[in-house]
Amino acid sequence: MNSRNGTFVRVRRCRLKQGRKFLLGSRIFSVMFSDEGNRDKGTELPNEAAAGGTSLFTPALPGYEKTNHVTLVECTRDRRPLEIKIPAQECWLGSDSQSCQCVIEDDPWLDGRHARLFRDAQNRWVIEDAASVNGLWVGIHAFRLRDRTWIQMGEQRLLFRLPSVVPSPSGG
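Description of the structure in this document.

### Some remarks on the overall build of the protein chain
Item 1. Within the protein chain one finds zero helices and 14 strands.
Item 2. The helix and strand sequence of the protein chain, counted from the amino end, reads β-β-β-β-β-β-β-β-β-β-β-β-β-β.
Item 3. Each of the 172 residues in the protein chain was classed as buried or not, and the buried ones make up 42%.
Item 4. Within the protein chain, contacts between residues separated by at least 24 positions form 56% of all contacts whose residues are at least 6 apart in sequence.
Item 5. As presented, the protein chain carries roughly 10,100 Å² of accessible surface, and 50% of it is formed by carbon and sulfur atoms.

### Observations regarding the nonpolar core
Item 1. Counting residues in hydrophobic clusters, the biggest one holds 27 residues, and the most contacted among them are F22, L24, L72, I86 and I127.
Item 2. Counting only elements with at least two residues in this core, the list comes to β1 (7–15), β2 (21–24), β3 (27–33), β6 (70–74), β8 (90–94), β10 (115–119), β11 (125–129) and β12 (136–140).
Item 3. Setting aside chain neighbours within four positions, we find L24 in contact with F29, L93, I104, D107, L110, H114, A115 and L136.

### Digging into the state of the cysteines
Item 1. Taken as a whole, this structure holds zero disulfides when the rule is applied.
Item 2. The thiol sulfur of C100 is not disulfide-bonded, and the nearest other cysteine sulfur, from C91, lies at 7.8 Å.

### Some details on the environment of F118
Item 1. As for its position among the elements, F118 is in strand β10.
Item 2. For F118, a relative accessible area of 10% corresponds to the buried category.
Item 3. Taking the C-alpha atoms as reference points, F118 and L16, separated by 102 residues in sequence, lie 10.0 Å from one another.
Item 4. Not counting the four nearest positions on each side in its chain, F118 is found in contact with R13, Q89, E90, R124, W125, V126 and E128.

### Observations concerning the pattern of salt bridges
Item 1. A complete count under the given rule lists eight salt bridges for this structure.
Item 2. Among the salt bridges present, the one from R116 reaches E128, with a minimum N-O distance of 3.2 Å. With R116 in strand β10 and E128 in strand β11, the pair connects residues that are 12 residues apart, well separated along the chain. The two residues R116 and E128 agree in class, both being buried.
Item 3. It is possible to trace a salt-bridge network through shared partners that takes in R13, E90, R116 and E128.

### Some words on the pairing of strand β14 (residues 156–160)
Item 1. Of the strand pairs in this sheet, strand β13 (residues 149–153) and β14 are connected by five bridges, and their pairing is antiparallel. Following the sheet pairing, W150 is matched in β14 by L159.

### A look at the side chain of R27
Item 1. Inspection of the secondary structure assignment puts R27 in strand β3.
Item 2. Polar contacts involving the side chain of R27 include one to the main-chain carbonyl oxygen of E105, which spans 3.0 Å.
Item 3. Residues in contact with R27, not counting those within four places in the same chain, are F22, E74, R79, L82, I104, E105, D106 and D107.

### Topic: unusual backbone geometry
Item 1. Residues other than glycine seldom take positive phi values, yet D106 does so here, at roughly 60 degrees.
Item 2. Relative to the helices and strands, D106 is located in the loop between β9 (102–103) and β10.
Item 3. Judged by its relative accessible area of 74%, D106 falls in the exposed class.

### Examining the pairing of β2
Item 1. Looking at chain direction, β2 and β3 are connected through four bridges and run antiparallel. From the neighbouring strand, L24 faces β3, where its bridge partner is R27.
Item 2. Counted between consecutive antiparallel strands, the loop separating β2 from β3 contains two residues, among which G25 sits at a positive phi close to 60 degrees.

### Re the packing of aromatic side chains
Item 1. Under the defined criterion, the tally for this structure stands at one aromatic pair.
Item 2. The ring of W92 carries R113 above its face, with NZ or CZ at 3.8 Å from the centroid.
Item 3. Looking at R116, its charged tip hangs above the ring of F118, at a distance of 3.8 Å from the centre.

Calculation rules
Residues numbered from 1 in each chain as written. Predicted model: local features only at pLDDT ≥ 70, side-chain atom pairs only at ≥ 80, totals over all residues. Heavy atoms only, no water. Helix = DSSP H or I, 4+ residues; strand = E, 2+ residues; numbered from the N terminus. Buried < 20%, exposed > 50% of the residue type's maximum accessible area, 1.4 Å probe, protein only. Contact = heavy atoms within 4.5 Å. Areas by Shrake-Rupley, 256 points an atom, 1.4 Å probe, with all protein chains shown as cover. Core = buried A, V, L, I, M, F, W, Y, C linked by side-chain atoms within 4.5 Å. Disulfide = S-S within 2.5 Å. Salt bridge = Lys/Arg side-chain N within 4 Å of Asp/Glu carboxyl O. Pairing = 2+ DSSP bridges. Polar contact = N/O pair within 3.5 Å; in protein donor to acceptor, adjacent residues only side chain to side chain. Phe/Tyr/Trp six-rings, centres within 6.5 Å; stacked < 30°, edge-to-face > 60°. Lys NZ or Arg CZ within 6 Å of the ring centre and 35° of its normal.

Note that all results are geometric; they support no functional claim without further evidence.
What follows is the structure, encoded as structure tokens:
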């Protein structure tokens, strides 16, 4: 499907990889690593279900993005895109300049302290939702839905629910 806005799933955290898109507040960002030689060749696999979202992890492969140079580039057609260079090994994203190193202004859908970017134990970049009201949404092409998975298509947010199985009183 070649949708203009893409399809997103709400997650608690996910590892970053070159070109991965995610939604923070009302803005879509794409991840760019300056060291092109360390691209991830893995595929998205759903991991544990989490309150308010799912975790997406890519299999740990040799050469995964471990560069220090990460830039988040806003995906927009309407204006010059916002580019956020991640300044440290850990960085908070949000609208509050007092508690975030990377501030995104003029977005009513963004919490003061919305998400954290950091390196995991294997030195890979991860983004994690900070229990924000509107959450962290990651762009997907295919995803196995589980009960209570939030998905977004365009501007529509939907909660996927599995039907309840009610045993028959007679047992058959």
